[in-house]
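# Summary of structural features
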Amino acid sequence: MTILNVAQTAVALLWTLGVGSSASFALANEEVKPAESEEPQAIQVMFVNQTPNEVIDLYWVDPRYPADTNDRNKLVARIAPRGGWEATQTFVGHEFAYELYGKVHYVNPRMPNNYGEEFIVLSGDKEDYRVRCEVSVNSKSYTDFFEISVRPYWSPRGASRFLELVREKYYDGVAINRVLPNYIAQFGIAKDYEVRSKQQEIKILDDFPNYVRFDPGVMSFAGSGPDSRSTEVFAVMPGINEDELVKFGQNIWEVPFAKIMGDLENSALTKFYAGYGSSPDSTLIYEEDGYTKYLPKKFPKLDYIDRCYVVEEAGIDALSEGEF
């Protein structure tokens, strides 16, 4: 069971906890410092396993027992791969342990947001998960691809959301609907009307700022306000000038979660049809006839994603046949 499959359950509300509440949005991704008292601070933690095929046994380390005793590590959950999760109520400073690829790792929940929760991806020493997107370029003249390094340590919620959508084949057939050379390329409105309508309603909380620089190739979710990230993402284009570059990240929801790898100047990123700029209206794309009438009639030269998939999982799950 994955996070998005249970998005309507109480536990899965950790994705969206606090959205629409009267709490100050400015505090939604600020660290809440423990009160100066002897009482430990409670925190709700979502532990997520994004590995391709490793089941992770998560243990709570009980400090009341010596390190060399069997009672010290208490099993909390066995977390399935590819988006499996465990939500638990604990306290700031409590220690958890898990083994991954032959090495034991320790994590200490310590950064609750204003809603008293934290989101932790259990990746051990693994820095990224590679996603390949096969696309049309030069107004569907031919196909190309780009490879994305998705980095949970940069943005645990953002990276997990993107990987979840990729695994559900959400981006297959999606239009590259906003292409501004030397600025950004944006996509993320699904081809299927029911799918895009459903996923548009699922918003995730903002991640803590990671202070990663928005260099060319860096990807972030687009948004319209605090805790508004859903499915649309953008990549910074090569050739962007410094004055524009420094503006990224000023919005609380703009947090890098990935970077496109390789030679960006000669990549598919620079070959998307750019003649329409920002003209395609995302509101109209979301309409029922967005892909059947609006885009093909008004913007016939747009390029599209054929399919995206997690490279390491290509032999685990059946790949989409693509849209082309």
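As a reminder, the structure under discussion sits directly above these lines.
Residues numbered from 1 in each chain as written. Predicted model: local features only at pLDDT ≥ 70, side-chain atom pairs only at ≥ 80, totals over all residues. Heavy atoms only, no water.

### Concerning the layout of surface pockets
Short version of the rule: Here a cavity means grid points, on a 1 Å grid over the protein atoms only, where a 1.4 Å probe fits yet cannot get out; a pocket means an open set of points with protein on both sides within 12 Å along at least five of seven lines; lining residues are those with an atom within 4 Å of a point. Grid points are joined across faces, edges and corners, and a volume is the space filled by probe spheres set on the points. Numbering goes from the N terminus for both helices and strands, where a helix is a DSSP run of H or I of at least four residues and a strand is a run of E of at least two. Nonpolar residues are Ala, Val, Leu, Ile, Met, Phe, Trp, Tyr, Cys and Pro. Charged residues are Asp, Glu, Lys and Arg, and all others, Gly as well, are polar.
The computed volume of the largest pocket comes to approximately 430 Å³. Lining the largest pocket are 17 residues, and of these Met111, Glu118, Phe119, Ile120 and Pro156 sit closest to its centre. At the level of elements, strand E7 (117-121) and helix H1 (156-167) are the ones that each hand at least two residues to the lining of the largest pocket. With 4 residues, the top contributor of residues to the lining of the largest pocket is E7. Residues that form the lining of the largest pocket fall into these classes: 11 nonpolar, 2 polar and 4 charged.

### Things to note about the nonpolar core
As a reminder, the rule being used: Here, nonpolar core refers to any group of buried Ala, Val, Leu, Ile, Met, Phe, Trp, Tyr and Cys residues whose side-chain atoms link them within 4.5 Å. Relative accessible area decides the class of each residue, using a 1.4 Å probe on protein chains only: under 20% of the type maximum gives buried, over 50% gives exposed, and in between gives partly exposed. Whether two residues are in contact is decided by their heavy atoms, any of which lying within 4.5 Å being enough.
Ranked by internal contacts, the top residues of the largest apolar core, which has 47 residues, are Val131, Ile148, Phe162 and Tyr171. Sequence-distant contacts of Ile148, that is, excluding residues within four places in its chain, are made with Tyr129, Arg130, Val131, Cys133, Phe162, Met219, Ala258, Lys259 and Ile260.

### Structural notes on the pattern of salt bridges
To be explicit about the condition: The term salt bridge refers to a side-chain nitrogen of Lys or Arg lying within 4 Å of a carboxyl oxygen of Asp or Glu.
Per the counting criterion, the structure on display carries 17 salt bridges. The residue Arg213 makes a salt bridge to Asp215 at a minimum N-O spacing of 2.5 Å. We classify Arg213 as partly exposed; its relative accessible area is 43%. The partly exposed category is assigned to Asp215, whose relative accessible area is 25%. Glu242 serves as the salt-bridge partner of Arg213, at 2.9 Å between the closest nitrogen and oxygen.

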